[in-house]
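Close look at the chain arrangement
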Amino acid sequence: MDCLRISGGVPLRGRVAVSGSKNAALPIMAASILASGPVSLARVPDLADVNTLALLLGYLGVEVKRGANSQMRIETVDATPIKADYELVRRMRASFCVLGPLLARRGRAVVSLPGGCKIGTRPVDLHLAGLAALGASIRIEHGYVIAEAKRLRGAQIDLCGPCGPTVTGTANVMCAATLARGKTVITSAAVEPEVVDLGRFLISLGANISGLGTSVIEIVGVEQLAASDYTIIADRIEAGTLLIAAAITGGEISVEGVVVEHMTAVLNALEESGCHILRGHQQITLLATARPRPVHICAQPYPGIPTDLQAQFMALVSLANGQSTIRDQVFPERFMQVAELNRLGARIERSGSTAIVRGVRRLSGATVTACDLRASAALVLAGLAAQRETIVRRLYHLDRGYERLDLKLARLGANVTRQVEADALDMAELGSVPALPVV
Ligand code: EPU
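Residues numbered from 1 in each chain as written. Predicted model: local features only at pLDDT ≥ 70, side-chain atom pairs only at ≥ 80, totals over all residues. Heavy atoms only, no water.

**As for the packing of helix α5 (residues 125–133) against helix α6 (residues 167–178)**
The N-to-C vectors of α5 and α6 enclose an angle of 15°; their axes lie 8 Å apart at closest approach. With respect to each other, α5 and α6 are oriented roughly parallel. Read as a crossing pair, α5 and α6 show a hand that is right-handed. Residues H127, G130 and L131 of α5 touch α6, and the partners they reach there are T168, G169, N172, V173 and A176. (Axes fitted to C-alpha atoms, helices over the stretch in contact; angles between N-to-C directions. Helix = DSSP H or I, 4+ residues; strand = E, 2+ residues; numbered from the N terminus. Parallel < 35°, antiparallel > 145°, perpendicular 65-115°, else oblique. Left-handed = near helix turned anticlockwise from the far one by under 90°. Contact = heavy atoms within 4.5 Å.)

Here you go:
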């Protein structure tokens, strides 16, 4: 397992290209099950999660080949397998995105329930209710969802949960509806750019979809979907993470290849914290001057500040000259980074679903352990600003969702080195552990 050693205190400078979006690529790869011809994707990020989904697709009779320059070719070679195993779905919840496409294309799907998750309870009731409304028979047996339907039929489906619309739920139902008989109307649909990207991909296959990017999506089912060449959108979460890295180190960077409009709420919050932002054509430049000002952040569904950048903003305001508050309306319990940021000298307290962050002048390097993807990113950012050395352990969380973030940061001047992690508890160093007395 790798860890990242960071010597903090270097302001980031330079230009960096943003990779393709993880959360667009995963549902699009899963949706390729619907296609009757080959699919060529461009700008697919090289990530552990993408590899996990490629492995699952392989078990489902779908051949996935990587090409040069972030290209990927996907083609169904055997349309009979229908089971997504617990071992892969447990590893990555986005595997659940194969449910709608498998059901619609193959008439039957057996997909493991994803189970627990560090960032909240994350039920899938809306996915299942949506597919049931399309006429699927759904039952749960031995931890698996078993969904069946000879041919789905259009329906009116509302996808709003207690914390807002569901992103991958919208993806599952939209995919399933593309091959249903008749018209489906999804209300309270997610409007995230990644859902719009999936919809555009489905249209490129021949689907009939309107209303993308609004809360009402209409899909008129077609008999079959064909082949496609498609380019994935830029990762707005990676772009935001890099910009916050520049802000926290007092640097100046440009992120290139982004869709600037996807970043509006994030850029507004960075400006509120005192950064200067220049919005260009597919490019954003950030200049950080002084210590950050306190900001009140509330993560919300798009177009609000994304929950996937909440932890990174928390790292930034932990150095602000005053008190900030952070809330997450999408995943109200997503605060795993708090204790580890406090180990670096931050002063963060939770009060119910709000984190109160009292800004400190400096953070001090320490060994910290990442426990989820975005929490790891927050720890890396804090390490870039902290005095002396920070070691972020269990880097595989970061590698699930960022394409070589360490290399990108190093090219911007950060002093970071990836290393193979020594065993956390080196027994040889501690001496042998005496046997417990038998009672
Ligand atoms: N919800 C329900 N019932 C459902 C589904 C969701 O109540 O059936 C609730 C959730 O518990 C949550 C809210 O609805 O409170 C929103 O969850 P959503 O379903 O939108 O999340 P998701 O689709 O499982 C995707 C991203 C997440 C991102 C969220 C929110 C992918 C593969 N994952 O998850 O990305 O945080 O949307 O934007 O697209 C990440 O990249 O680090 C990550 C966690």
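**Focus: the site of the ligand**
Taken together, the neighbourhood of the ligand is formed by 23 residues, with D125, T166, T168, D308 and V330 sitting nearest. One of the backbone nitrogen or oxygen atoms of L126 is found 2.8 Å away from an oxygen atom of the ligand. In the environment of the ligand, an oxygen atom lies 2.7 Å from a nitrogen or oxygen atom belonging to the backbone of V167. When the ligand is considered free in solution it has 830 Å² of accessible area, and contact with the protein chains removes 90% of it. Within the residue set of the shell around the ligand, elements represented by two or more residues are α1 (22–31), α5, α6 and α12 (373–385). Looking at the shell around the ligand element by element, the count peaks at three residues for α5. (Near = heavy atom within 4 Å. Polar contact = N/O pair within 3.5 Å; in protein donor to acceptor, adjacent residues only side chain to side chain. Areas by Shrake-Rupley, 256 points an atom, 1.4 Å probe, with all protein chains shown as cover.)

**Topic: the nonpolar core**
Membership of the largest hydrophobic core comes to 75 residues, with the highest contact counts inside it found for L41, V98, F201 and L202. Top element by residues in this core is α1. It accounts for seven residues. (Core = buried A, V, L, I, M, F, W, Y, C linked by side-chain atoms within 4.5 Å. Buried < 20%, exposed > 50% of the residue type's maximum accessible area, 1.4 Å probe, protein only.)

**Structural notes on the pairing of strand β4 (residues 62–66)**
Where β4 meets strand β5 (residues 72–76), five bridges bridge the pair, whose relative direction is antiparallel. Looking at β5, one finds that E63 is bridged to E75. Adjacent in sequence and paired antiparallel, β4 and β5 are bridged by five residues, among which N69 carries a positive phi angle near 50°. (Pairing = 2+ DSSP bridges.)

**Structural notes on the environment of R350**
Structurally, R350 is set in strand β22 (residues 347–351). A residue is classified by how much of its surface remains accessible, and R350, at 39% relative accessible area, is partly exposed. In sequence terms R350 and V195 are 155 residues apart; their C-alpha atoms lie 32 Å from each other. Discounting residues that sit within four places of it in the chain, R350 has contacts with P332, E333, F335 and A355. At 3.4 Å, the side chain of R350 and the side chain of E333 are in polar contact. Of the polar contacts made by the side chain of R350, one reaches the backbone oxygen of G352; its length is 3.1 Å.

**Digging into the packing of aromatic side chains**
According to the stated counting rule, one finds one aromatic pair in the structure shown. Relative to Y230, the ring of F201 lies with its centre 5.7 Å away and its plane at 70°, an arrangement referred to as edge-to-face. Taken together, the residues span a long stretch of sequence, with F201 in helix α7 (residues 193–205) and Y230 in strand β16 (residues 228–231) at a distance of 29 residues. One cation-aromatic arrangement involves K83 over Y144; the distance from NZ or CZ to the ring centre is 4.7 Å. (Phe/Tyr/Trp six-rings, centres within 6.5 Å; stacked < 30°, edge-to-face > 60°. Lys NZ or Arg CZ within 6 Å of the ring centre and 35° of its normal.)

**Description of the side chain of T166**
On the secondary structure map, T166 appears in the loop between β12 (164–165) and α6. Take T166: its relative accessible area is 14%, and that puts it in the buried class. Each residue touching T166, except ones within four places of it in the same chain, is listed here: L126, H127, L159 and A190.

**So, the sheet that holds strand β26 (residues 415–420)**
Sheet architecture is open: four strands sit in the order β24-β25-β1-β26, paired in mixed fashion. Of all strands in the sheet, those with a lone pairing partner are β24 (367–369) and β26, marking the two edges. For this sheet the average axis-to-axis angle between neighbouring strands, irrespective of direction, equals 20°. Packing of α12 onto the sheet brings it into contact with β1 (2–7), β24, β25 (389–393) and β26, and relative to β1 it is tilted by some 30°.

Take it as geometry only, folks, not as evidence of what the structure does.
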